[in-house]
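Listed below, chain by chain, are the residues.
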Amino acid sequence: MSLIEKLGRLWNLRGLFFESLGYSLIIAFGAVVLGFIIGVLLAVVRIAPKNNPIIKFFDKIAILYITVIRGTPTLVQLLILYSSVLVVFKSMSTNLLVPIIAFGINSGAYMAEIIRSGINSVDPGQMEAGRSVGLSWVTTMRKIIIPQAIKIVVPTIFNEIIILVKETSVVSYIVLRVNGIQKWDLLGIAEKLGLAVPACYLIFLFAAALLYLAVVMLLTLIQHLIERRLKKNER
Amino acid sequence: MNDNYIEIKGLYKNFGKLKVLKGVSCNIKKGEKVAIIGASGSGKSTMLRCMNLLETPTYGEVWVENKLLTPIDPYLHFDVIRLSKTYAKLSEVYKAEHPDASTEEIDAAVIADIKKNDLLKNYEGTAYRAAIKTLYKENFQQVDLSRRDMGMVFQHFNLFNNLTVLENLTLAPVELKLKTKAEAEEKAMDLLKRIGLEDKAKAYPSTLSGGQKQRIAIVRALAMDPQVMLFDEPTSALDPEMVGEVLDLIKKVADAGMTVVIVTHEMGFAREVADRVLFMADGVILEEGAPEELFNHPKNPRTQDFLSKVL
Ligand SMILES: Nc1ncnc2c1ncn2[C@@H]1O[C@H](COP(=O)(O)OP(=O)(O)O)[C@@H](O)[C@H]1O
Ligand SMILES: [Mg+2]
């Protein structure tokens with residue numbers, strides 16, 4: 001087989017890689033959305049004035065959540081959720097939701113801390129000024145604090161999203177299924193093909209790495225566009 | 001009922017173990033200009049910030065226009081106590097025992113008894129609990145309502161950084177549905193014109209000088225049509241050449257009849273504008289009086305000492 005032929009065969013595998021990239025992105029995207037929602041909720045609970053027992057109770061829960069999730073490895077959390085789901089449902093024909101929820105729960109804890117510290121880093125004088133003209137805590141948050149906090153947290157949130165995209169590669173530890181058929185994420189497909197053609201393992205890994213890199217660069221571009229947009233209304 | 005706009009009764013404020021206010025009482029009448037002076041750390045800002053409950057006092061009461069702002073203990077609140085069955089029953093008993101007592105005497109004795117022995121909690125029905133709840137809620141909402149009438153100006157301006165100058169002035173009136181957007185903008189432009197900054201309407205605060213920021217902070221408060229203006233060292237963070245423009249504006253506001261409470265280190269300004277000067281030290285009001293009285297003939301040695309250093 002000539003070198004050209006070999007390369008041609010490898011090139012024919014691109015569809016598999018793109019499909020797997022798709023699954024990685026679906027999982028990452030779902031997890032980012034879920035993580036962001038969890039993060040906002042936790043951050044609001046952590047920041048709300050602790051003037052009634054219900055908020056205090058939820059605050060304790062939020063602290064526990066953040067401590068436990070940040071204190072244990074993502075892979076362990078994924079495997080625990082995956083195994084628990086197996087125990088309860090025996091088999092699922094489509095189980096993409098399992099890694100989405102696992103990574104979403106995981107990311108939520110980090111997002112919560114990012115959002116909380118972003119809100120806390122807004123000058124407390126802003127809240128005082130809002131309250132002093134008679135605006136409620138919620139209105140001041142909405143109109144004054146959160147718009148300023150967003151500007152502060154955009155870089156860190158994107159950092160978290162980028163880490164999350166790459167971290168989805170640990171799903172290759174579990175068996176993904178879509179409509180009863182086994183599927184692989186980006187790292188997973190490189191591993192699987194590498195087992196079949198050990199001589200090309202490195203090439204497959206490089207291909208996966210390149211695709212992760214492309215996604216991260218795209219995200220970085222989006223981040224810069226958003227940052228520039230946010231900076232505009234200040235001059 | 002009386003003509004005091006703000007009444008402070010026996011105010012204490014602790015930050016953790018630190019006792020900052022140790023029993024402050026004072027009344028501010030409508031239209032009055034009151035200057036608060038005293039060494040740094042004596043509790044001036046804390047007292048001012050208690051007036052609109054930016055700080056919640058540890059003990060004591062703040063009344064604004066005869067409305068209680070500090071959190072009530074509904075079980076100990078007079079109006080609620082008088083609604084209770086316990087009050088009715090005890091009044092009967094007391095009347096029988098003291099046939100000569102006046103209504104006021106009976107009222108005072110019964111309320112004292114109820115408070116002392118905490119008689120209400122267990123014996124009252126749902127109607128009473130509903131009354132407590134309503135009162136509690138009204139008291140809670142009163143703070144935001146009263147703040148609309150109390151403009152506050154901070155040492156560090158605290159303009160809303162994410163909004164333009166115009167939006168800084170219109171946000172609260174529009175959000176609180178006191179004015180339509182058009183009305184609020186008209187009023188805002190009018191105010192900006194008066195301070196000669198109408199060309200800054202579309203600018204963001206980060207582009208303004210300190211003096212401009214503070215004058216805009218003052219008209220932001222005025223945009224709410226307040227009854228009283230609270231100033232916390234409005235010129236202390238300014239470069240010296242900008243102090244004058246800000247003091248001029250405050251004087252204009254005062255001369256227009258506004259009730260003013262100002263914490264300041266500008267003794268000349270206090271003397272010129274204030275009707276009454278309060279000297280604070282160690283969390284209490286040590287001495288108060290008309291400016292010429294307090295500045296020229298201070299009675300307390302600590303006032304004398306303070307004034308000899310700053311004048
Ligand atoms: N939020 C706070 N937490 C803790 N201590 C405070 C707080 N605000 C003020 N203090 C303390 O209370 C004291 C009085 O402060 P303040 O009322 O600002 O004095 P002044 O305005 O007269 O300089 C100071 O010792 C200050 O450190
Ligand atoms: Mg102060």
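Remember, predicted model here, so these are calculated numbers, not experimental data.

On to the overall build of chain A, then. Looking only at helices and strands, chain A has nine helices and two strands in total. Reading the secondary structure of chain A in the N-to-C direction produces α-α-α-α-α-α-α-β-β-α-α. By principal-axis analysis of the C-alpha atoms, chain A measures approximately 80 × 50 × 25 Å. Put simply, chain A has 235 residues, and 41% of those count as buried. When the accessible area of chain A is evaluated, it comes to approximately 13,100 Å², of which 71% is carbon and sulfur surface. One way to put it: in chain A the 23 positive side-chain charges average out to a point 4 Å from where the 12 negative ones average out.

On to the site of ligand 1, then. Residue and element names in this part refer to chain B. Close contacts around ligand 1 come from Phe15, Leu18, Val20, Ala39, Ser40, Gly41, Ser42, Gly43, Lys44, Ser45 and Thr46, and that covers them all. Here serine 42 contributes a backbone N or O atom positioned 3.2 Å from an oxygen atom of ligand 1. Considering ligand 1 on its own, with 560 Å² of exposed area, one finds that the protein chains cover 59% of that surface. Counting only elements with at least two residues in the shell around ligand 1, the list comes to strand 2 (18–29) and helix 1 (44–51). Ranked by residue count, the leading element in the shell around ligand 1 is helix 1, at three residues.

Moving on, we get to helix 3 (residues 85–97) of chain B. Residues and elements named next belong to chain B. Over its 13 residues, helix 3 runs 19 Å from end to end, which matches the ideal 18 Å to within 8%, given 1.5 Å per residue. What helix 3 keeps buried is the set Thr86, Tyr87 and Ser91. The buried residues of helix 3 occupy an angular sector of 125 degrees when the element is viewed end-on, so they sit on one face. Every exposed residue of helix 3 that faces more than 90 degrees away from the buried side is listed here: Lys85, Lys89, Glu92 and Ala96.

Moving on, we get to the sheet that holds strand 10 (residues 284–289) of chain B. All names here are of chain B. Overall, mixed pairing links the six strands, which are arranged 6-7-8-3-9-10 in an open sheet. Since the sheet does not close on itself, it has two edges, and those belong to strand 6 (150–153) and strand 10, each with one partner. Ignoring which end each strand starts from, the neighbouring axes of this sheet average 20 degrees apart. The pairing of strand 3 (residues 33–38) with strand 9 (residues 276–281) spans five bridges and is classified as parallel. Each residue of the ladder has a partner; that of isoleucine 37, found in strand 9, is phenylalanine 279. In the packing of helix 13 (residues 301–310) onto the sheet, contacts are made with strand 3, strand 9 and strand 10, and the angle to strand 9 comes to roughly 100 degrees.

Quick look at the packing of aromatic side chains now. All names here are of chain B. Considering all chains together, one arrives at four aromatic pairs over all chains under this definition. A ring pair is formed by tyrosine 12 and tyrosine 59, whose centres lie 6.0 Å apart and whose planes are at 80 degrees; its orientation type is edge-to-face. Taken together, the residues tyrosine 12 in strand 1 (residues 4–15) and tyrosine 59 in strand 4 (residues 59–64) connect sequence positions 47 residues apart. Between arginine 220 and the ring centre of phenylalanine 160, over which it is positioned, the NZ or CZ distance is 4.4 Å.

Tallying the contact residues gives 21 residues for chain A and 24 residues for chain B. At the boundary of chain A with chain B, total buried surface from both sides reaches about 1,900 Å², with 55% on carbon and sulfur atoms. It is Glu128, Ser132 and Val133 of chain A in chain A that bury the most area against chain B; as a group they hold 28% of the surface buried on that side. Here chain A and chain B share four salt bridges between them. Between arginine 142 of chain A and glutamate 175 of chain B there is a salt bridge, and its shortest N-O distance comes to 3.7 Å. Linking chain A with chain B are seven residue pairs in polar contact (both at pLDDT 80 or more), by the criterion used here. Of all the elements in the fold, those that place two or more residues in the side of chain A that touches chain B are helix 6 (124–132) and helix 7 (137–167) of chain A. For the side of chain A that touches chain B, the leading source of residues is helix 6 of chain A, giving seven residues.

Let's shift gears to the pattern of salt bridges. The tally for this structure, following the rule as stated, stands at 24 salt bridges over all chains. Taken together, the salt bridges that share partners define one network made up of Arg70, Glu113 and Arg116 of chain A.

Structurally, the position occupied by alanine 130 of chain B is in helix 6 (residues 126–148). Residues alanine 130 of chain B and serine 102 of chain B lie 28 residues apart in sequence; the distance between their C-alpha atoms is 30 Å.

Here we take up the sheet that holds strand 1 of chain B. Residues and elements named next belong to chain B. Here four strands make up an open sheet; going across it, the order is 2-1-4-5 and the pairing antiparallel. Every interior strand has two partners, whereas the edge strands, strand 2 and strand 5 (67–68), have only one. With nine bridges joining them, strand 1 and strand 2 adopt antiparallel strand pairing. Along strand 2, the bridge assignment pairs glutamate 7 with asparagine 27. Each of strand 1, strand 2 and strand 4 is contacted by helix 1, which is oriented at about 55 degrees to strand 2, the strand it contacts most.

Judged by nonpolar contacts, the single largest core of 91 residues is most densely connected at Phe17 and Phe103 of chain A together with Ile6, Met47, Met51, Leu230 and Val261 of chain B. A total of twelve residues in this core trace back to one element, the largest contributor, which is helix 7 of chain A. With near-sequence residues (within four places) excluded, phenylalanine 103 of chain A lies in contact with Ile27, Ala31, Thr74, Leu78, Leu164, Glu167, Thr168, Val170 and Val171 of chain A. Grouped together as the second largest cluster of nonpolar side chains are 48 residues, Val153, Ile218, Phe269 and Phe295 of chain B included.

Glancing now at the packing of helix 2 (residues 14–47) of chain A against helix 8 (residues 186–196) of chain A. Residue and element names in this part refer to chain A. With their axes 7 Å apart at the nearest point, helix 2 and helix 8 run at an angle of 145 degrees to one another. Contacts from Leu16, Phe17, Ser20, Leu21 and Ser24 in helix 2 reach Leu186, Ile189, Ala190 and Leu193 in helix 8. Of the residues assigned to the contact of helix 2 with helix 8, the class counts are seven nonpolar, two polar and no charged.

Definitions and limits used
Residues numbered from 1 in each chain as written. Chains lettered and ligands numbered in written order. Predicted model: local features only at pLDDT ≥ 70, side-chain atom pairs only at ≥ 80, totals over all residues. Heavy atoms only, no water. Helix = DSSP H or I, 4+ residues; strand = E, 2+ residues; numbered from the N terminus. Buried < 20%, exposed > 50% of the residue type's maximum accessible area, 1.4 Å probe, protein only. Areas by Shrake-Rupley, 256 points an atom, 1.4 Å probe, with all protein chains shown as cover. Lys, Arg positive; Asp, Glu negative; His and termini not counted. Charge placed at Lys NZ, Arg CZ, Asp CG, Glu CD. Near = heavy atom within 4 Å. Polar contact = N/O pair within 3.5 Å; in protein donor to acceptor, adjacent residues only side chain to side chain. Expected span 1.5 Å × (residues − 1). Arc of directions from axis to C-beta. Pairing = 2+ DSSP bridges. Axes fitted to C-alpha atoms, helices over the stretch in contact; angles between N-to-C directions. Contact = heavy atoms within 4.5 Å. Phe/Tyr/Trp six-rings, centres within 6.5 Å; stacked < 30°, edge-to-face > 60°. Lys NZ or Arg CZ within 6 Å of the ring centre and 35° of its normal. Buried area = accessible area lost by both parts, 1.4 Å probe. Salt bridge = Lys/Arg side-chain N within 4 Å of Asp/Glu carboxyl O. Core = buried A, V, L, I, M, F, W, Y, C linked by side-chain atoms within 4.5 Å. Nonpolar A, V, L, I, M, F, W, Y, C, P; charged D, E, K, R; others polar.

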